[in-house]
Amino acid sequence: AAPAERAEQLAAELRPAPSLPWEVLVRPTSSADGTGHIAAAWNNALATAQGDLIWPLIHHRPPLALLPVLLRAFDAPWVDFLQLAWSLGGHHHSARDALRLEPGCLLGHSSWFRRSGGFDETLEAAPALQSLQRKAKARGALVQSLDLEAFSL
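Residues numbered from 1 in each chain as written. Predicted model: local features only at pLDDT ≥ 70, side-chain atom pairs only at ≥ 80, totals over all residues. Heavy atoms only, no water.

### A closer look at the overall build of the protein
Working step 1: Helix and strand counts for the protein come out as five helices and seven strands.
Working step 2: Going from the N terminus to the C terminus, the protein shows its helices and strands as β-α-β-α-β-α-β-β-β-α-α-β.
Working step 3: For the protein, the C-alpha radius of gyration of 14 Å lies close to 15 Å, the compact-globule estimate for 153 residues.
Working step 4: Summarising its shape, the C-alpha atoms of the protein cover approximately 40 × 35 × 35 Å along the three principal directions.
Working step 5: When the 153 residues of the protein are sorted by exposure, 44% land in the buried category. (Helix = DSSP H or I, 4+ residues; strand = E, 2+ residues; numbered from the N terminus. Rg over C-alpha atoms; globule rule 2.2 N^0.38 Å. Buried < 20%, exposed > 50% of the residue type's maximum accessible area, 1.4 Å probe, protein only.)

### Section: the environment of His 92
Working step 1: Here His 92 shows up in strand 5 (residues 91-93).
Working step 2: Taking relative accessible area as the criterion, His 92 reaches 39% and is therefore assigned partly exposed.
Working step 3: For the pair His 92 and Ala 125, spaced 33 residues apart in sequence, the C-alpha separation works out to 20 Å.
Working step 4: Excluding residues within four positions of it along the chain, His 92 makes contact with Ala 85, Trp 86, Ser 87, Asp 147 and Glu 149. (Contact = heavy atoms within 4.5 Å.)

### Focus: the pairing of strand 6 (residues 106-109)
Working step 1: Taken together, the two bridges between strand 3 (residues 53-54) and strand 6 define a ladder with antiparallel strand orientation. Across the sheet, the residue bridging to Ile 54 is Gly 108, located in strand 6.
Working step 2: Pairing geometry for strand 4 (residues 81-88) and strand 6, over three bridges, is antiparallel. Bridge assignment links Phe 81 to a residue of strand 6, and that residue is Gly 108. (Pairing = 2+ DSSP bridges.)

### Remarks on the environment of Leu 82
Working step 1: Residue placement: Leu 82 occurs in strand 4.
Working step 2: In sequence terms Leu 82 and Leu 146 are 64 residues apart; their C-alpha atoms lie 6.7 Å from each other.
Working step 3: Contact partners of Leu 82, with chain neighbours within four places excluded, come to Leu 70, Ala 73, Phe 74, Cys 105, Leu 106, Leu 107, Gln 144 and Leu 146.

### Side note on the pairing of strand 4
Working step 1: Among the eight residues that make up strand 4, seven are buried, leaving the element largely enclosed by the rest of the structure.
Working step 2: With six bridges connecting them, strand 4 and strand 7 (residues 143-152) associate as parallel partners. Residue pairing for strand 7: Leu 82 is matched across the bridge by Gln 144.
Working step 3: Note: strand 4 against strand 5, three bridges, orientation antiparallel. The residue of strand 5 that forms the bridge with Trp 86 is His 93.

Right, dumping it as structure tokens:
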């Protein structure tokens, strides 16, 4: 989910070569669309996503160098979701802090996103991620913390 004017640029940054083994689904969104506009965009992309892993993002691009580490983490059979760290103004937020879960910091198996009912479109992006994570955990999903930064602002 990204502002319309940034959507194609973000897609190009996430897909720097046409032969990469992942799909990038971009859904333009605007705050004028209401409170749950990001969650709605994520749900729309989730409905058409074909991959085994889902990484809901917004306007910032995570470092693509993280991808090999993240993919290896999912090799463990007990990992359903990965929660990543992030920083704001030099202040580090741990991946173990479920109350400070930000967009771009949670990725997981697409089956768990669907099984958990997708994103609550009545909530802003961060609370929608937190809600989905709580629902998934209640159904037995296991979340692995990985203190690598998904982004730094």
